[in-house]
Amino acid sequence: MTAADVKKVGVVGLGTMGAGIAQVCVQAGFETVGREVSDELCERARERIAHYLGRGVEKGRLTAEERDAALARLTMTVDPAGLAGCDVVIEAIVEDLDPKLALFHALEAVSHAGTVLATNTSALSVTAIASACKHPERVVGMHFFNPAPVLPLVEVVRTELASDEAVETAYGLAERLGKDPIRCNDTPGFVVNRILIPLLNDCVRVLDEAGVSPEDLDKAMTRGVNWPIGPCALIDLIGVDIHVHASEALHDALGEPRMAAPERLVRMRDEGRLGRKSGRGFFEYG
Ligand SMILES: NC(=O)c1ccc[n+]([C@@H]2O[C@H](COP(=O)([O-])OP(=O)(O)OC[C@H]3O[C@@H](n4cnc5c(N)ncnc54)[C@H](O)[C@@H]3O)[C@@H](O)[C@H]2O)c1
């Protein structure tokens, strides 16, 4: 199996990431099977994907015909057997090892020998998932960034157990999806989160240490260092809960104090000040 052979892609878990990844797949011309746990969630995901494709039409990024053709490539299933025949399956379910392992066992049972099984995990070990599989050589990480239809990067994560063929198929598929992938080893946080999480946590600690407001901290980094977005605005965009969870995972794995979530962020998470998605984080959103 090479990336050029990939015709049909499965996406399991159609929440924030999976719905975006499925949208990217259908827009790139792939027959795509989405799997959720209930018919209702399948329907909700389809509506969400249709909504975002519709917004693309309004903004002139695609035509109404292209939207309809993309949606026609999307089928839904609640049954893992519905993923049989997929050449690559991308898993984007809840960030817990046990459900992911159960899913990968089910995927191995229904997929053909050449199918590449990819996880979109941010913080779990891809090796832990692969080593629980009968064929660990075909398990890789494909770490998309949120929002998946917008951000070009995909980290293609290779474990020591992965075959070169599986890694190159995932890399080539990411390119065919219009993304700009990189290859990296299976280390905690991979590349971006390993760097970004402690850095953002440092920024938040500076808020209190330097007695600076979120507005001025963001001004400091956008005007002084030319960052395209300030650290507080970026955490609001990522979601405070997601960032705290990722910090905890990285801290558990590597133990550096900078990786632990600052008290201020934990408080914001507990108060439901999650950033853009809750209408309030460091800043207010209308
Ligand atoms: N949200 C982010 O910013 C982000 C970024 C990169 C990677 N990730 C990773 O992507 C994965 C998904 O994250 P998310 O934020 O989209 O989560 P989410 O909670 O929005 O979506 C998860 C979805 O998976 C479904 N699901 C759960 N178990 C399932 C199963 N066995 N079969 C099919 N569907 C199932 C749930 O119903 C839900 O719709 C996680 O591993 C996360 O670490 C998240």
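As a reminder, the structure under discussion sits directly above these lines.
The following refers to the structure shown.

1. As for the nonpolar core
Thinking step 1. Counting 38 residues, the largest nonpolar core has Val9, Ile21, Ile90, Val140, Met142, Phe144 and Leu173 as its most contacted members.
Thinking step 2. Sort the elements by how many residues they give to this core and helix H1 (residues 16-27) lands first, with seven residues.
Thinking step 3. Excluding residues within four positions of it along the chain, Val140 makes contact with Val116, Leu117, Ala118, Thr119, Val126, Val157, Ala162, Ala166, Val167 and Ala170.

2. Let's talk about empty space enclosed by the protein
Thinking step 1. In total, this model carries one cavity of 30 Å³ or more according to the counting rule given.
Thinking step 2. Of the volumes computed, that of the largest cavity is approximately 80 Å³.
Thinking step 3. What lines the largest cavity is simply Ser122, Ala123, Pro188, Gly189, Asn193, Ile197, Ala246, Ala249, Leu250 and Ala253.
Thinking step 4. Elements with a minimum of two residues in the lining of the largest cavity: helix H7 (192-209) and helix H10 (240-254).

3. Re the packing of aromatic side chains
Thinking step 1. This model, assessed by the stated rule, comprises zero aromatic pairs.
Thinking step 2. Positioned above the aromatic ring of Tyr171 is the side chain of Arg183, whose terminal nitrogen or guanidinium carbon lies 3.7 Å from the ring centre.

Criteria and thresholds
- Residues numbered from 1 in each chain as written.
- Predicted model: local features only at pLDDT ≥ 70, side-chain atom pairs only at ≥ 80, totals over all residues.
- Heavy atoms only, no water.
- Core = buried A, V, L, I, M, F, W, Y, C linked by side-chain atoms within 4.5 Å.
- Buried < 20%, exposed > 50% of the residue type's maximum accessible area, 1.4 Å probe, protein only.
- Helix = DSSP H or I, 4+ residues; strand = E, 2+ residues; numbered from the N terminus.
- Contact = heavy atoms within 4.5 Å.
- 1 Å grid on protein atoms, 1.4 Å probe; cavity = no way out; pocket = protein on both sides within 12 Å on 5 of 7 lines; lining within 4 Å.
- Points joined across faces, edges and corners; volume = space filled by probe spheres on them.
- Phe/Tyr/Trp six-rings, centres within 6.5 Å; stacked < 30°, edge-to-face > 60°.
- Lys NZ or Arg CZ within 6 Å of the ring centre and 35° of its normal.

Nothing here speaks to function; it is all geometry.
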